[in-house]
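The residues making up each chain are set out below.
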Amino acid sequence: MQTADRAARVLELLRLRYPTRETHLVAQNAWELLVATVLAAQCTDVRVNQVTPGLFSRWPGPAELARATQEELEEVIHSTGFYRNKATNLLGAARRVTEVHGGEVPRTMAELVQLPGVARKTANVVLWGAYGINEGIAVDTHVKRIAFRMGFTESVDPVQIERDLMDIFPRDAWGDVNHMLVWFGRHVCDARAPRCGECEMIEVCPRHGVGQKDGAAPRKTAGRAPVKAVGKAAGKAGTAGTAKAAPSNSASRSSATSPAKPRNGGKP
Ligand code: SF4
């Protein structure tokens, strides 16, 4: 089967497994999504969702956060890890958003990656999650691993992996591809123990790099579990790749297909 055909089948199977858009990070607007995504680096989504309510209550937007001190912010985000760098970046981003962009998170990749602490991955998450813009595919550790195993890339460079994926998935699915692959990586295609024996993708997956020492199940299809629609997940392994936020001009719904996650009613 050609790569494009396999990609189409993978997308179809992912949509069967994940028919609804479950959010990972709780955010009400583009600024909150940007902050949450920065905090989620090397941190679980659960932890970030515990920290952000206090942060946004104390500093509701970039203008308020820009007036915070490094020490104040470090104290609030301490539990997310790497808090010094994160605080420095968030304060820098708050100042730039306030001073250069009039308090609104920019809507272009070129402008977003000028913000401290924001690279393509975070920018893709914000563009899609907050504004419904499919500019690229956020490549985090799950996407990177699964793309390789599925034979969609041979690169280890996130930028090249993103290009490879953009070539084979339709543009209107780019945000969803990231979103669903992150869930899929958590639920099935685990880094150390991929559950190939119960994976519906095995019909189209060459399982590149997967061996017995990885904990992979034997390559067989008999008896594998049927595809199940999966809703919420445990929020393990923060990758910040899949959050959806309400558009900045709307407080009541997300930009694309799913309702924004209420800050106090989201995942644990
Ligand atoms: S068959 Fe195995 S390696 Fe391929 S996607 Fe499924 S769990 Fe991952």
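Draft legend 1. Representation of the overall build of the protein chain in the model. Of regular secondary structure, the protein chain possesses eleven helices and zero strands. Ordered by position in the sequence, the α and β elements of the protein chain form the string α-α-α-α-α-α-α-α-α-α-α. When burial is assessed residue by residue, the protein chain has 44% of its 268 residues classed as buried. Across the protein chain, every contact between residues at least 6 apart in sequence was considered, and the portion connecting residues at least 24 apart equals 65%.

Draft legend 2. Structural context of the confidence of the model for the protein chain. Residues of the protein chain with pLDDT of at least 70 account for 78%, and the chain-wide mean is 83. In the predicted structure, residues 246-268 sits below a pLDDT of 50 and forms 51 contacts with residues beyond four places in sequence or in another chain.

Draft legend 3. Structural context of helix α6 (residues 83-100). With 18 residues, α6 should cover 26 Å at 1.5 Å per step; its first-to-last C-alpha distance of 25 Å lies within 8% of that length. Of all the residues in α6, the buried ones are Tyr83, Lys86, Ala87, Asn89, Leu90, Leu91, Ala93, Ala94 and Val97. The inward-facing, buried residues of α6 contact α2 (30-39), α4 (62-66) and α5 (70-77). Within two residues after α6, Gly102 carries a phi angle of roughly 65°, on the positive side.

Draft legend 4. Seen up close, α2. In terms of burial, α2 is largely enclosed, as ten of its ten residues are buried. Buried residues of α2: Ala30, Trp31, Glu32, Leu33, Leu34, Val35, Ala36, Thr37, Val38 and Leu39, and no others. Each element contacted by the buried residues of α2 is listed here: α3 (45-58), α4, α5, α6 and α8 (120-131).

Draft legend 5. Representation of the nonpolar core. Grouped together as the largest cluster of nonpolar side chains are 67 residues, with contacts concentrated most on Leu34, Leu39, Leu90 and Val126. For this core, the element with the highest residue contribution is α2, accounting for eight residues. When sequence neighbours within four positions are dropped, the list of residues in contact with Leu39 reads Val48, Val51, Ile77, Thr80 and Lys86.

Draft legend 6. Examining the site of the ligand more closely. Taken together, 13 residues sit near the ligand, with Cys189, Pro194, Cys196, Cys199 and Cys205 positioned nearest. Partitioned by chemical class, the residues of the shell around the ligand number ten nonpolar, no polar and three charged.

Draft legend 7. Region of the structure containing unusual backbone geometry. If you check the backbone angles, Gln42 has positive phi at about 55° while not being a glycine. Secondary-structure assignment places Gln42 in the loop between α2 and α3. Here Gln42 falls in the partly exposed class, since 13 other C-beta atoms lie within 10 Å of it. Positive phi, close to 45°, is recorded for Phe82, a residue that is not glycine. The topology assignment puts Phe82 in the loop between α5 and α6.

Draft legend 8. Highlighting the environment of Ala30. As for its placement among the helices and strands, Ala30 is situated in helix α2. Considered as a pair, Ala30 and Gly129 are 99 residues apart in the sequence and their alpha carbons are 7.8 Å apart.

Draft legend 9. Structural context of the packing of α2 against α8. Two elements in contact, α2 and α8, have axes whose closest approach is 9 Å; the angle formed by their N-to-C orientations is 145°. Remark: the crossing between α2 and α8 carries right-handed chirality. Here Ala30, Leu33, Leu34, Thr37 and Val38 of α2 lie close against α8, whose contacting residues are Thr122, Val125, Val126, Gly129, Ala130 and Tyr131.

Draft legend 10. Geometry of the environment of Thr44. In this structure, Thr44 sits in the loop between α2 and α3. Each C-alpha atom of the pair Thr44 and Thr80 lies 7.9 Å from the other, and the pair is 36 residues apart in sequence.

Draft legend 11. Structural detail: the environment of Ala4. Here Ala4 shows up in helix α1 (residues 3-17). Classification of Ala4 as exposed rests on a count of 11 C-beta atoms within 10 Å. Placed 148 residues apart in sequence, Ala4 and Phe152 show a C-alpha to C-alpha distance of 9.2 Å.

Reading the values: rules and limits
Residues numbered from 1 in each chain as written. Predicted model: local features only at pLDDT ≥ 70, side-chain atom pairs only at ≥ 80, totals over all residues. Helix = DSSP H or I, 4+ residues; strand = E, 2+ residues; numbered from the N terminus. Buried ≥ 20, exposed ≤ 12 C-beta atoms within 10 Å, placed from the backbone. Contact = placed C-beta atoms within 7 Å. pLDDT = per-residue confidence, 0-100. Expected span 1.5 Å × (residues − 1). Core = buried A, V, L, I, M, F, W, Y, C linked by C-beta atoms within 7 Å. Near = placed C-beta within 6 Å. Nonpolar A, V, L, I, M, F, W, Y, C, P; charged D, E, K, R; others polar. Axes fitted to C-alpha atoms, helices over the stretch in contact; angles between N-to-C directions. Left-handed = near helix turned anticlockwise from the far one by under 90°.

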